[in-house]
Structures are given as structure tokens and as C-alpha cells.
Amino acid sequence: MKIRLISCFFILFFFVFSYAQKGIVKGYVKDDNGQILPGASVIYRSDITIGSITDENGFYQLNLPIGKCNLTCRYTGMITDTLSVQVLENKSIDLNIQLSQILFELESVDIKVGKFDKPLEEQTVSLVVIKPQLIENKNTRSIETALDQTPGLNILDGEPQIRGGSGFTFGVGSKVAVIVDDMPMLSGDAGRPEWGFVPVENISQIEVIKGASSVLSGSSALSGAIHIRTAYPRSKPLTKVNIYNGFYSSPSVEGAKWWSGVPLISGANFLHSRQIKSTDVVIGGNLNYDHGYIGPPIPSQFVTDTVSNFSNEQMSSKRARINFNIRKRSKKLQGLNYGVNGNVMLSQSNMSFAWLDDTTGLYRAYPGAVFLQNQVIFNIDPFLNILTQASGKHHFRTRVLFSDNQMTANQSNRTTTYYGDYMFQKTYPQLKGIDFIGGVTASLTDSYASMYAGGGSPNNELFNLSAYTQIEDNINETLNISVGGRFEYYQLNDTIKAFKPIFRGGASLKIYQETYIRASYGQGYRFPTITERYIKTGIGNFGVFPNPNLLPESSWNAEIGIKQGLKIGGIMGYLDLAGFWQEYQNTIEYMFGIWDLANPNSLAGFKFLNTGDSRVLGIDVSFAGQIKFGKKCKGTFLTGYNYIVPTTLNPDYVYAVDDMNREYSYNSTSLDSNSGILKYRFLHNVKLDAEITYDSKISFGMSAKYFSKIINMDGVIKDFEEITFNSGGDLQNIRYMDYFESHRFGNWILDARFSFNMNEKHKLAVIASNFLNRSYSLRPLKIEAPRTVMIQYTFKLDKN
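Residues numbered from 1 in each chain as written. Predicted model: local features only at pLDDT ≥ 70, side-chain atom pairs only at ≥ 80, totals over all residues. Heavy atoms only, no water.

Right, let's talk about the sheet that holds strand β6 (residues 81–87) for a bit. Spatially, four strands are ordered β3-β2-β5-β6 in an open sheet, and the strand pairing comes out antiparallel. Each end of this open sheet is capped by a strand with a single partner; those strands are β3 (51–53) and β6. Mean inter-strand twist for the sheet, computed between neighbouring axes without regard to direction, equals 20°. Across four bridges, the pairing between strand β2 (residues 41–44) and strand β5 (residues 67–74) is antiparallel. Bridging across to β5, isoleucine 43 finds its partner in threonine 72. (Pairing = 2+ DSSP bridges. Helix = DSSP H or I, 4+ residues; strand = E, 2+ residues; numbered from the N terminus. Axes fitted to C-alpha atoms, helices over the stretch in contact; angles between N-to-C directions.)

Here's what the structure looks like:
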């Protein structure tokens, strides 16, 4: 009995003594500029199970044994630092940590992508980062103009295309996911990006992922994803106002100018962000007026146009948008923050499907193939985040997205989308630092539109439920491995159901200082939108026809790449080379055909069809970084080249029969089927942007884009031209083939900009897009904008 009592006494004494032999180390982690670093890890080297993740204020706290303790502090894009501290018994010691940038002082290094906080060079997928300076310097009124400068990514008629993953669909059914602050930014009914809705004045970073990315980016990421991240306030207030005014130049085609006076473009952006005690507040907005360069139709003497008899003024565009972000950091519960983001936009615009003719009518719309839109769109996004040391990170995000589009020609539609996502993330020190992420996402789209009655009713509902997970492990800071999966379930109108598991995996290996090789495999899956299945409408002499039996499309992507850090004289950057192989099953294409002979007013038009299987092989090269000339002159550059071989895998597969009993296959519908090349693709694509700054005051920049000629397109466009020509005046003649044959060459498009910083607060800039005023077309029956010249004034009051 005595022995037991003595043993209990010693055990109790040991625990009390052990507890007493500890002290507290706490402080803040910041960078060289004093900016807080939330999410940095501070680890006790003698026992890696003891560690802390800095909270939203960059604060950490550790309970450590007394004596000399060695700590390691890590953060993405920063040099890992090891520190020593003398811990005193029952004492609290303040230890603030300052981290410096990694070897290459590249603005694109500090990224968060794939839901994990990983450096750019450790990514297992091809990735391009766009910083906010490029967005501001190019006078970006809508975010797609900046995205279009990304190597391997093209924005055609509002539709994002990565590595030739799609032809053109007028933006409907995007095969590229567009995500803003981890929330999808595609319309619920059509899967169309709402580019004007993105707050361009408050973007901290854009990450473009190339290749199938559905596991973590959602089902729309069939060929890639665009992650846009907005900025929260820093420690001191920021106010920014941007005012611009400019005009379109007259087209270089003689007789094509349709306007009188000056075709103005004008507007303003504003942003104010600040921390009010424990609350972050951001408010921003945009006003924009655009005269437009596409004029109203001119009906022929034989055809009366009652659908699109518009005035010049009606063809202009107007937009007003305001957005806010509010986040509250809890004082009572460390790591808890919650808030709401919101955005509302009113706009008037037009959508044009085809030009009037291929000479003086290039910059006018075809009768009946253009309509006007008045749009009201808003979203409310409540959220809650819980960041803990022991229990990981919990993120709850919700959204209500409402869109009401009032359009001419009975094209109006109204959609409400409800979205919710729970995501859990944790690093497990006991498993050698394995990172885990998992979550559940649900969305419900409620749509009403007369033109969606192709399924029997103008009311349609689309429900989606998905679960996802991914694991990443960094072995000896040399090999980074990631594997993940997602399960998708869709239900359309209680009748059509589909489910699909998808997977991905990848690895990145550091083989030498700043030399990384990577390999990855990923699957994609996309369920057809309500628009693709059920749209049924006539637009003058054109029609858009429903296909209720449209099947989901899927894809897989494999690639191998190498990223090499370079420092040659004053040039510092990363050279990236990747080879990729991507295949698509049940490929959905927007096909032109003769679908309704019984309706002479809309006998021809477009229908979404599953055209079989296809393959895209290619290489992707990019080089991004900085350059210095002496002490006062420095510059940045982003350049890339993309070469693809997009081919059909079953050229004789008959996927449709039109009203003229013609069988539709790749071979029978292609204008040039000998090559096997998919329609409306650019085999060669070059992007370049560079800017030089002298003495932090004077900057000159240039951008260049090259699109090679289109090899193949729908042969039925030629047939439709012949039908309108031989209609005896019942149909206004539409002309394209002469233009196509005389423009079988590539297009170089050049932009230029010049800016002068008067001081830290005021900047003036002149920006010219397409400054050589080239007249060019990138898709059938659509001319691109002539030269625009803009003057921009920026006021920026940044106390940071």
C-alpha cells in the first residue's frame, strides 16, 4: 500500500513538475515590408507535433519547455527561417518573426492554388499567375481583356478556351471553370462567364490552371480553371480611383465606318479598403459607357426587319456595378472569422451573332441576328471560417446568385442559383506533414425562360451535389505528391440523372537548385447546361434548336513538364515547358445546320450536339519574370507559345441527321476533313507582355498576340450562304466564304501603353489596343474591335 502511495505521489509530482517547466512564446510573423502573413507555420524543431499556424492577424502562440528552443518558420514564397529563443518558466516571451522573399524576387511567387498554400515551383500542374499590375496597366474594364494575355488561354466572344479544348459556343457551356474567391462565376442556366461582374479594381491575383481540373475546381473545369482572388485590407487604409476616357478609331476597311461623331468609351473604378478594429471592410465599383463598334443592321429592300430594327444609340453598352466585402475577426474565439460579400450590377448591352456582309458591312449586325439586353444581377455570399491549431481549418461558404436578363426577340430569362460549400483542411505533423483537404458542395439552379421550353416547360431546375478530397505530401522538401478525387451527381427536372467519379494525381520533383520536373493526370466531367439542352428560339433568319438528349462530356489530361529558374545578368525568371495529351469523350460542339425546313424564317442555325471523341496534343512554353537595367530601370515580362494538334478520333461517326436527310459526321460536315483537325482551332498561339519602368516614374509597355489561321470549320456555312444567295430576296444574303478564302493567314495584334507617375498618389497613362488598327476575325461572321485609344488617370492613397 505504501509503495502504491509513493508511486502515485511521484507520478503526480512528475506531471506537476513537467507542466511547470514550460513557458509561452508568442508574436507576429510579417514580411520585409511589415505586411502580416496569415497562415505561416511556426514549429518547435525538437517536437514537430508542437506548432502553430498564424491567424488572420499573423499572430501565433506556443507553449514550450524551458531552456533553449529552436523554432522553424515557413511561408509560401518566403525563405524558411530558423530561430533560437530562451524560454523561461511560467513567463511569456514576445518573438516577432520577419521573413524575406525567396531567391527570385518575382511577384508571381507568392500564390495559393489548388486549395493548398504551395509555392509556384511545387505545383504539379501547369499554372500561370497574373498580378494586379497588369490588370491596371492595361486599363482593364472587364477582366477577360487581361486574361486574354495569358499563354495558352484565349477569350473568344466571351468564351474562355484553354489549349484548344473547345471551338466556339458564344460563351454557353464553358469548359473552363471561372472561380472568384472559391465561388463559381458561371451563370446557372447557361454556364456563361459573367466577366463584367468581376471586381477588376480589387484583384490580388489570378491563377490559370491548364488541363482537366474538375477534382477541386468543379465540373466545368473540363480543360482548365481560372481562379480569381480579391484582396482584403492591409493594416492601413487604401483608396484608389481610376478614371478613363477614350474612343474607337475608324475601321481600316474603306466604307465600313457606320457612326458619326466620336465613338466614346468612358468610365471610372473606385476602391476603398480598411481595417476598423477587428473588422475588414472593402467597397468598390465601376461605371462604364461603351459606344460600341458593331452597328445596327440595315435590312435589304426585300426583307422587313421587325426583330432588330435598332438605332445607333441602342447598340451602345452601359454598366454600373458596386461590390462589398465585410469580414469580422472574433476577439473571443481565436481563429474565427465570418462575414458577407456582395455584388450588384445593372447593365445594358447587345449580343451580335453575325456581321451584315464581308465588305462594308463587317462592322454592322445581320438582321435578326442581334438582340438587346437589360440585365440585373446580384449575389450575396455569407461565409464563416474557423482556423485552429488542433482541429484544422473549416470553411463554410454560401451564395445566392440572381440574374434577370430582359432581352428583345423573346430571349428574356431569369435565374436564381443557390450554392453552398463546406471545406476542411488540415496538416498532420504526426504523418510527416501530410496536407489533407475535403469538402462537400451543393447547388440548385431555378430557371425560367420561354426560350428554354425545348424540354416541354419554361421552368427548369438543375441540382448538383459533389464531394471532393485531395491529399498532398512534401517529402524532404524535394518531392511533392498530390492525389485527389471527386464524385459528381446531377439531376435535371426530376427526370434526368447522372453521376460520375473522377480522379487526379500529380508529382513535382526538385532535381537541382531551381529545377523542377512534374507530371500529372487529371479527369474532367461536365453536365450539359439548361441552355444547351432546351434552348429553342428564332433570331431573324437564324434559329437555335434544342437537344434534350444531349449527354455529359468528359475528358482526361496527362502532361509532363519542367520548370527552370533562370538568372542571366539582370534577367530573373522561370522558364516552363510542358507537353500534354488531352482526350474528350462525347464532345459537345455548337453545330451549324439546316434543322427546320418547315420554318423558312429560321430554317438554319445552331444546335448543341455530341460529336464523338477527340484528342488534343501539344506543347506549352512560357517564360515569366523580371529584368533590371542598372539601378533605376527595371521591367517585367510574361510570354508564351502554345502549339496544339486537335484531331477527331472517329471521323465517320454519324451524330445527327438534319432536315435535308444529310448525315452529320466530322468528314461530312467539315470544310476541310483531310487533315482531321477539329473546327475553329488555332494551332499556333503566341502571347507576349512586357513593361519597362525608369526611376519608378515612367513606364512603357507592349503586348502582342498571334493567332494562326483556322484550318477547318463547318462546311454548312458555305451551304447557307448559297441558300440566302439563291432565295430570290426572301432571305438577306449573308456573305462569308470570300472573306474566309482571302484571309487564310495568321493575325498579329499589338497593344501599347505609356504611363507617368507624377508622385505616389497620381498617375497618368495612355493605352492603345490594336494600335495598328488591324481588321481581323477570329471566328466566323464576327469582326474584332478596331483600335481603341484611352487616357487613364489613377489616384491612389495607400498608407501601407
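Attention now moves to the packing of aromatic side chains. Aromatic ring pairs: the centre-centre distance and the angle between the two ring planes describe each pair. For the structure on display, the rule yields 23 aromatic pairs. Considering the side-chain rings of tryptophan 258 and tryptophan 259, the 5.3 Å spacing of their centres and the 85° angle between planes classify their relative orientation as edge-to-face. By the burial criterion, tryptophan 258 is buried, and tryptophan 259 matches it. Taken together, a centroid distance of 6.5 Å and an interplanar angle of 15° make the contact between tryptophan 556 and tryptophan 581 stacked. A residue pair is termed long-range when its members are at least 10 positions apart, and tryptophan 556 in strand β31 (residues 553–568) and tryptophan 581 in strand β32 (residues 571–585) qualify at 25 residues. Note on tryptophan 581: relative accessible area 36%, which makes it partly exposed. Linked through ring pairs, Trp355, Tyr736, Tyr739 and Phe740 together constitute an aromatic cluster. For the cation-ring pair, lysine 607 lies above tryptophan 595, with the distance from its terminal atom to the ring centre recorded as 4.6 Å. (Phe/Tyr/Trp six-rings, centres within 6.5 Å; stacked < 30°, edge-to-face > 60°. Buried < 20%, exposed > 50% of the residue type's maximum accessible area, 1.4 Å probe, protein only. Lys NZ or Arg CZ within 6 Å of the ring centre and 35° of its normal.)

Below, the discussion takes up the pattern of salt bridges. Taken as a whole, this structure holds 33 salt bridges when the rule is applied. Between lysine 687 and aspartate 148 there is a salt bridge; the shortest N-O distance is 3.9 Å. Here the residue lysine 687 occupies a position in strand β39 (residues 684–694), and aspartate 148 occupies one in the loop between α3 (144–147) and β10 (153–156), the gap between them amounting to 539 residues. On the accessibility criterion, lysine 687 (0% relative accessible area) is buried. We classify aspartate 148 as buried; its relative accessible area is 10%. A salt bridge links glutamate 488 to arginine 486; the shortest N-O distance between them is 2.8 Å. The two residues glutamate 488 and arginine 486 agree in class, both being buried. Connected through shared salt-bridge partners, Arg163, Lys210, Arg518, Glu559, Lys563, Asp576 and Asp620 make up one network. (Salt bridge = Lys/Arg side-chain N within 4 Å of Asp/Glu carboxyl O.)

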